[in-house]
Amino acid sequence: MENVTQLTSVAHVIQLAVAPVFLLTGVGSILAVLSNRLARIVDRYRALNNASEAVRQAHDVEMSVLMRRSKWVNRAITLCTCSALLICIVIAALFVGAQMSVDPSNAVSLLFISAMVALISGLLCFLREIFLATGSIIVQSRR
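The rules behind each value
- Residues numbered from 1 in each chain as written.
- Predicted model: local features only at pLDDT ≥ 70, side-chain atom pairs only at ≥ 80, totals over all residues.
- Heavy atoms only, no water.
- Helix = DSSP H or I, 4+ residues; strand = E, 2+ residues; numbered from the N terminus.
- Buried < 20%, exposed > 50% of the residue type's maximum accessible area, 1.4 Å probe, protein only.
- Contact = heavy atoms within 4.5 Å.
- Areas by Shrake-Rupley, 256 points an atom, 1.4 Å probe, with all protein chains shown as cover.
- Phe/Tyr/Trp six-rings, centres within 6.5 Å; stacked < 30°, edge-to-face > 60°.
- Lys NZ or Arg CZ within 6 Å of the ring centre and 35° of its normal.

**Things to note about the overall build of the chain**
A tally of regular secondary structure across the chain gives four helices and zero strands. Counting all 143 residues of the chain, 28% fall into the buried class. Taking the contacts inside the chain whose residues are at least 6 apart along the sequence as the reference set, 79% of them involve residues at least 24 apart. Total accessible area computed for the chain in this model is approximately 9,200 Å², and 66% of it derives from carbon and sulfur atoms.

**A closer look at the packing of aromatic side chains**
A complete count under the given rule lists zero aromatic pairs for this structure. One Lys or Arg, Arg75, reaches over the ring of Trp72 and ends 4.5 Å from the middle of that ring.

**Description of the environment of Val18**
Considering the arrangement of structural elements, one finds Val18 in helix H1 (residues 2-49). A relative accessible area of 36% means that Val18 is categorised as partly exposed. C-alpha separation for the pair Val18 and Ile91, spaced 73 residues apart in sequence, amounts to 8.8 Å.

Geometry only, nothing functional implied.
Structural data, given as structure tokens:
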């Protein structure tokens, strides 16, 4: 009878862990987008940096904007990765709590709130990077 109780307990923990797993999938998708943006920024910066001195000077403002954008994307990637790690720890805490017959609700709550704060901060950094990117388009079109 004890095995049935343990199986029920594990099944319940798996049900609780499904929502964070879906959230983890979403954060992974965001990280893929951020990584692509960073790669494009780096490629553009390298192309301008490897050009002749005259071209580099002509695109000095764009290179400066690219540097700022890369810093914001790096911050967003760092924060979203921290969020993903915290979500993983939430999932692990649920299983550890079930196996050790300990109530992890306080730890899980704090970890989940921390994950959401990190995700929100990462998305705000991403938004700032988008504003920089679109702002540079407007500046270039006024020339």
